[in-house]
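Examination of the molecular architecture
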Amino acid sequence: MLICNSSKGYGAIPQAIHWLTVILVVVAWTLGLLGDELPKGTQRDAGLFVHISAGLAVIILLVVRLAWNFFNPPPSAGSTTLGIWLVRAGHAAHYLLCVLLFAVPVAGIVLQFARGDSIALFGLFEIASPWVKDRAFSGNIEEVHEVLAHTLMIVAGLHAAAALIHHWILRDQTLARMLPRFGE
Ligand code: HEM
Ligand code: HEM
């Protein structure tokens, strides 16, 4: 299996980045929603730590993905029976997903700092908040973070549904190009 993208499909590394991002986003979103249900203290702190670590990893993977795409562009979209507008909609969805993959964690970082709390970078070292706690601002930014996170999940859901429609209804290679081709 090829490491890099080719005209036939996504390479192993771009595929790994894609599917790892999917896992991290789902973990971050689930922990974001369930965080308040965890008992206060060590468990809730651990949940927030994993939530933040997954979110920070999403930004790192996004930067790696964009750099990778610059030097080794993804395969161009195959033609579909539904015409050029569908290809354009797919591209628009990818851009929107990338914008949200950046905006959601950045809003999370601003939220954490607005609460006056530090961010532990994967437990390696801490970045102290540059601000003092601001309840009103952190309340507003929490709402922004939440709405952006839900928007990301909705767009990702539509994007996943489109991939399945390509596979099961249009019966083209769109999804297969993003899946490992063992034995090649
Ligand atoms: C893709 C990445 C992320 C997703 C999908 C995500 C999603 C969410 C969601 C759905 C909530 C619940 C909001 C609510 O009910 O009020 C939340 C809360 C929160 N998020 Fe994120 N988040 C991400 C990344 C981050 C990052 C990178 C940080 C900080 C560095 C962060 C910090 C927080 C904080 C502090 C809360 C409030 C937790 C609480 O009070 O229980 N998030 N997030
Ligand atoms: C949080 C969830 C997801 C996010 C954030 C996401 C994001 C992206 C992004 C940004 C791309 C553009 C290509 C790239 O630069 O790597 C892409 C491509 C792709 N994704 Fe997703 N994705 C998600 C979930 C899924 C799921 C669940 C599926 C399958 C059911 C899927 C199938 C695909 C396929 C087939 C492509 C390639 C499309 C093409 O060749 O034009 N994605 N995804």
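Taking an unreviewed UniProt entry as the reference, the protein chain is identified by name as Cytochrome B561 belonging to Nitrobacter hamburgensis. Per its UniProt entry, the protein chain bears the Cofactor (unreviewed entry) comment "heme b". Database annotation for the protein chain, UniProt heading Sequence similarities (unreviewed entry): "Belongs to the cytochrome b561 family."

**Topic: the site of ligand 1**
By nearness alone, 22 residues border ligand 1, and Asp36, His51, Arg115, Glu142 and His145 come closest of all. In the environment of ligand 1, an oxygen atom lies 2.9 Å from a nitrogen or oxygen atom belonging to the side chain of arginine 115. Secondary structure elements with two or more residues in the shell around ligand 1: helix H1 (12–34), helix H2 (42–71), helix H3 (84–114) and helix H4 (135–170). Tallying contributions element by element places H3 first for the shell around ligand 1, with six residues. Looking at side-chain class alone, the shell around ligand 1 contains twelve nonpolar, six polar and four charged residues.

Thresholds, definitions, all that
Residues numbered from 1 in each chain as written. Chains lettered and ligands numbered in written order. Predicted model: local features only at pLDDT ≥ 70, side-chain atom pairs only at ≥ 80, totals over all residues. Heavy atoms only, no water. UniProt positions renumbered as here; feature names shortened; annotations may be inferred. Near = heavy atom within 4 Å. Polar contact = N/O pair within 3.5 Å; in protein donor to acceptor, adjacent residues only side chain to side chain. Helix = DSSP H or I, 4+ residues; strand = E, 2+ residues; numbered from the N terminus. Nonpolar A, V, L, I, M, F, W, Y, C, P; charged D, E, K, R; others polar.

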